[in-house]
Amino acid sequence: MKSVTLKGSWLVKAPMEDVYRVITDFEAAPQYFPRLAHHVKITARKGNQLQIEAVTKPFRLSTSFRVEMQTTLHPPRGFESTNTSSIGVEHERVELVEASGGTEYRYYNRMEISNRFVRPFANVLIGKLAFRFWEKLYLSRLRELVE
């Protein structure tokens, strides 16, 4: 199975608690990030463990994808999630670190591509195009919301 690893680190000029509040308000994601998240619903919650159903649009020209998320919150420092869709399974982690001038947003994602149509183009589609699309729409909007 082909895998793609994404990682990055960005400064958000806001307190860590504000960044955490927005990035973990999953059900508000369609209002916060309307070009990426179409529908998000927490279907089960036990402490910091969440089961989430989402419909997302990870690529600029793509159709929407249903995603099942198994998410663990790490207040106020981020979360980790295993997300399953028709493309494959992604192991995503967000770490928030206090930094000079705000919060360092550290992102890690290892995606195991099971979709045979996406697999040959995964490095370009996911590793480059989708990641840039996400960075532009998610991080720029996050900054607008909290800075």
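All values reported here derive from a predicted model rather than from experimental measurement.

A.B. asks: Residues and numbers for unusual backbone geometry, please.
C.D. replies: Note that the residue after Pro-75, namely Pro-76, is joined by a cis bond; omega there is -15°. Examined against the element boundaries, Pro-76 turns out to sit in the loop between β4 (65–74) and β5 (78–84).

A.B. asks: I'd like a rundown of the sheet that holds strand β7 (residues 102–113), residues and numbers included.
C.D. replies: Spatially, β1-β7-β6-β5-β4-β3-β2 is the arrangement adopted by the seven strands of the open sheet, whose pairing is antiparallel. Only two strands of the sheet have a single partner each, and these edge strands are β1 (2–12) and β2 (37–46). Taken pair by pair, the neighbouring strands of this sheet meet at an average axis angle of 20°, ignoring direction. Running over the sheet, helix α1 (residues 16–23) touches β1, β4, β5, β6 (88–99) and β7 and is turned about 160° from β6.

A.B. asks: I'd like a description of the packing of aromatic side chains, backed by residues and values.
C.D. replies: In the structure shown here, the tally under the stated rule is nine aromatic pairs. Ring geometry for Phe-26 versus Phe-79: centroids 5.4 Å apart, planes at 80°, classification edge-to-face. Highlighted residues: Phe-26 in the loop between α1 and α2 (29–32) and Phe-79 in strand β5, separated in sequence by 53 residues. Exposure class is identical for Phe-26 and Phe-79. Each is buried. Summarising the aromatic geometry, the rings of Tyr-105 and Tyr-138 are spaced 6.2 Å apart at their centres and angled 55° between planes, so their arrangement reads as tilted. Note that Tyr-105 is positioned in strand β7 and Tyr-138 in helix α3 (residues 122–146), a separation of 33 residues in sequence. Among the residues examined, Tyr-138 registers a relative accessible area of 10% and is labelled buried.

A.B. asks: Which residues make up the pairing of β7, and what are the values?
C.D. replies: Bridging between β1 and β7 involves eleven bridges; their strand directions are antiparallel. Across the sheet, Val-4 pairs through a bridge with Met-111, a residue of β7. Pairing between β6 and β7: twelve bridges, direction antiparallel. Its bridge partner lying in β7, Ala-99 is registered against Gly-102.

What counts, and where the lines are drawn
- Residues numbered from 1 in each chain as written.
- Predicted model: local features only at pLDDT ≥ 70, side-chain atom pairs only at ≥ 80, totals over all residues.
- Heavy atoms only, no water.
- Helix = DSSP H or I, 4+ residues; strand = E, 2+ residues; numbered from the N terminus.
- Pairing = 2+ DSSP bridges.
- Axes fitted to C-alpha atoms, helices over the stretch in contact; angles between N-to-C directions.
- Contact = heavy atoms within 4.5 Å.
- Phe/Tyr/Trp six-rings, centres within 6.5 Å; stacked < 30°, edge-to-face > 60°.
- Buried < 20%, exposed > 50% of the residue type's maximum accessible area, 1.4 Å probe, protein only.

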